[in-house]
Amino acid sequence: MADAVVVGAGIGGLTAAVALQRRGWRVTVLERAASLEPVGSGLAVAANALKALDTIGVGDEIRALSAVQGDGGVRSASGRWLAKTSAEAMAARHGDSVVLLRRADLVDALVARLAPGTIRLNTTVTGVDPETGAVFLAPGEEPGGPANRTAEGGTGGAAAPLEADLVVAADGIHSPVRAALFPGHPGPRYSGTTSWRVLIAAEGVPGQASESWGAGKVFGIMPLAGGLTYCYATDTVPAGGGGGDQLAELRRLFGAWHAPIPALLAAASQENVLRNDVYSLETPLPAMHRGRVALLGDAAHAMTPNLGQGACQAIEDAVVLAHAAGTGEGPAGDVAARLPGYTAARLERTAKIVARSASICRATKISSPLAVRLRDASMALASRLAPARMAGAADEIFGWSPPAA
């Protein structure tokens, strides 16, 4: 049986682990955190990612756990609709609506499908060898197996490397593996926006899936199942801020926007607010693999959240990679010779989506009053006069299909 090591237990890494196990690989997932504590945010899973999840037997469970995104669209800060979307038309065109759920629910569904002992926590990867598949661990770490003890048999000093036929680098935006494999790449850049995310128990507060644009600011509303609402917001501020009462900051920035935003923020709790600077890989990588190592998700193509495709593209990556890697039931053979097919299938598509998301991000950062009015008028006009063009642009993303088994 062939061995795969997945670096990182986020959505992309876990999806890859499930997909590879289903194809007969023996998989180890290495996660530097001490636990898989749920991240307190929501997630939109679009038709393209649902198709990918169907290939690993998770799609129907995610649909059952989710709320279907109803009719929605983009509004101004005052509440005027600038562009509307139809859930019925989306489902008819792409076979699925966008579904909304807690990120933790998707993580739990993926973990439940992994063989016991697959995930090793408290394990920091310090390097990989793309030629041999060796995965090097931080000194003194004991991630749960004798192969990770030191050469002397203890736990001090350098840990013995894990040997893998395939290494999957799903180690996030600031991926050390990516930096080591492609040292000349400029890496992630600050997008100019900071985001806030908050889950709100908002029974009785009416809400419709929407995103509202103001002067350099965005506020999004995603009603989830079970009386929860996921809200997200962005503002154009310097990187490195934070600290203090972030809920008070959200109320200061958005408390005068249209209903139900003030009521949602009034129902929110400070401990549920997450703040993060938004980084993206503006320059595509030369490849999404090197030797026996494949990069996926944010490690390969970190993007701004404006299309809601970050996790969706990581899920796509994972099922395509498992298909390209082949079956793991016998000897792995030359995995390095198969990974160019993964790059060929994913690099151009993800680069286009990164660029499109970045262009929307730039539009949301417009802040002068005249430019905001022109932007909003243009969006409203395009929505009325060119709906087919907008639908066609969505087709390129949502119309994707996974590789045949």
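Quantities reported herein were computed from a predicted structural model and do not represent experimental measurements.

A. The arrangement of the sheet that holds strand E14 (residues 210-213) in detail. Judged by pairing direction, the sheet is mixed, and its seven strands sit side by side in the order E6-E5-E14-E15-E16-E13-E17 without closing on themselves. Strands at the two margins of the open sheet, each flanked by one partner only, are strand E6 (81-85) and strand E17 (273-280). Neighbouring strand axes in the sheet, compared pairwise and without regard to direction, differ in orientation by 15° on average. Of the pairings in the sheet, the one linking E14 to strand E15 (residues 217-223) comprises four bridges and is antiparallel in character. Bridge pairing in E15 links Trp213 to Val218. Along the sheet, helix H12 (residues 369-385) makes contact with strand E5 (72-76), E6 and E14, crossing E6 at roughly 35°.

B. Examining the packing of aromatic side chains more closely. Applying the stated criterion across every chain yields a total of four aromatic pairs. Ring geometry for Tyr230 and Tyr232: centres 5.9 Å apart, planes at 40°, overall tilted. On the basis of relative accessible area, Tyr230 is assigned to the buried category, the value being 7%. Judged by centre distance (4.9 Å) and plane angle (80°), the rings of Phe254 and Trp257 are edge-to-face. Owing to a relative accessible area of 0%, Phe254 belongs among the buried residues under this scheme. The class for Trp257 is buried, based on a relative accessible area of 12%. Members of the aromatic cluster, connected to one another through ring pairs, are Phe219, Phe254 and Trp257. Cation over ring: Arg75 sits above Trp81, and NZ or CZ is 4.6 Å from the ring centre.

C. A look at the packing of helix H1 (residues 11-22) against helix H10 (residues 310-325). Contact geometry of H1 with H10 gives a least axis separation of 8 Å together with a crossing angle of 30°. Taken as axis vectors, H1 and H10 run roughly parallel relative to one another. In this structure, H1 meets H10 at a crossing whose hand is right-handed. Judged by residue contacts, Ile11, Gly12, Thr15, Ala16, Ala19 and Leu20 of H1 engage Ala311, Ala314, Ile315, Ala318, Val319, Ala322 and Ala325 from H10.

D. The packing of helix H2 (residues 47-55) against H10, seen in detail. Contact pair H2 / H10: the axes reach a minimum separation of 9 Å and the direction vectors enclose 35°. Crossing angle aside, the handedness with which H2 passes H10 is left-handed. Packed against H2, whose contacting residues are Asn48, Ala49, Ala52, Leu53 and Thr55, the element H10 presents Cys312, Gln313, Ile315, Glu316 and Val319 at the interface. Its residues assigned to classes, the contact of H2 with H10 comprises six nonpolar, three polar and one charged.

Each value, and the rule that gives it
Residues numbered from 1 in each chain as written. Predicted model: local features only at pLDDT ≥ 70, side-chain atom pairs only at ≥ 80, totals over all residues. Heavy atoms only, no water. Pairing = 2+ DSSP bridges. Helix = DSSP H or I, 4+ residues; strand = E, 2+ residues; numbered from the N terminus. Axes fitted to C-alpha atoms, helices over the stretch in contact; angles between N-to-C directions. Contact = heavy atoms within 4.5 Å. Phe/Tyr/Trp six-rings, centres within 6.5 Å; stacked < 30°, edge-to-face > 60°. Buried < 20%, exposed > 50% of the residue type's maximum accessible area, 1.4 Å probe, protein only. Lys NZ or Arg CZ within 6 Å of the ring centre and 35° of its normal. Parallel < 35°, antiparallel > 145°, perpendicular 65-115°, else oblique. Left-handed = near helix turned anticlockwise from the far one by under 90°. Nonpolar A, V, L, I, M, F, W, Y, C, P; charged D, E, K, R; others polar.

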